[in-house]
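Coordinate analysis (summary)
This is what each chain is made of:
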Amino acid sequence: MPAREGEQGRDPGLQPERTRLAWRRTTLSSTVATVLAVKTTLHGGGSVTGVVVCALCCALWLGFLAIAHRRIQVLAAVSGSDRPPALAPRHATAATLCTVALAVCAAALVL
């Protein structure tokens, strides 16, 4: 079976690297959102609701950090010619929920 056009020059080692960098960028973004949530809570006087939402932001950040760290390690361990294993659907769902919930909690603190 002939190779399709575009597959001949593809370096399979670049995709895991780009994906790993995307995980790092998303982790950095969630870290910034969490730090701003903590800053807003501390600057706002620390109401009970603010502290609870801030604690939830921190818990969501830690959950996302654990998932991202595991995925970054898997992608870093893949050699140049190997294809990385797919992200488990439950991990993808958890990462998505953590990211969306963190954004909602951080927005609630700002408003």
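Residues numbered from 1 in each chain as written. Predicted model: local features only at pLDDT ≥ 70, side-chain atom pairs only at ≥ 80, totals over all residues. Heavy atoms only, no water.

**Some details on the environment of tryptophan 23**
Note that tryptophan 23 resides in helix H1 (residues 14–43). Judged by its relative accessible area of 13%, tryptophan 23 falls in the buried class. Considering only alpha carbons, one finds tryptophan 23 and leucine 65, 42 residues apart in sequence, at a separation of 9.6 Å. Ignoring sequence-local partners within four residues, the contact set of tryptophan 23 consists of Phe64, Ile67, Ala68, Arg71, Ile72, Leu75, Leu87 and Ala95. (Helix = DSSP H or I, 4+ residues; strand = E, 2+ residues; numbered from the N terminus. Buried < 20%, exposed > 50% of the residue type's maximum accessible area, 1.4 Å probe, protein only. Contact = heavy atoms within 4.5 Å.)

**Digging into the side chain of threonine 34**
With respect to the secondary-structure elements, threonine 34 resides in helix H1. A polar atom in the side chain of threonine 34 sits 2.9 Å from the backbone oxygen of serine 30. Apart from residues lying up to four places away in sequence, threonine 34 is in contact with Cys57, Cys58, Trp61 and Leu102. (Polar contact = N/O pair within 3.5 Å; in protein donor to acceptor, adjacent residues only side chain to side chain.)

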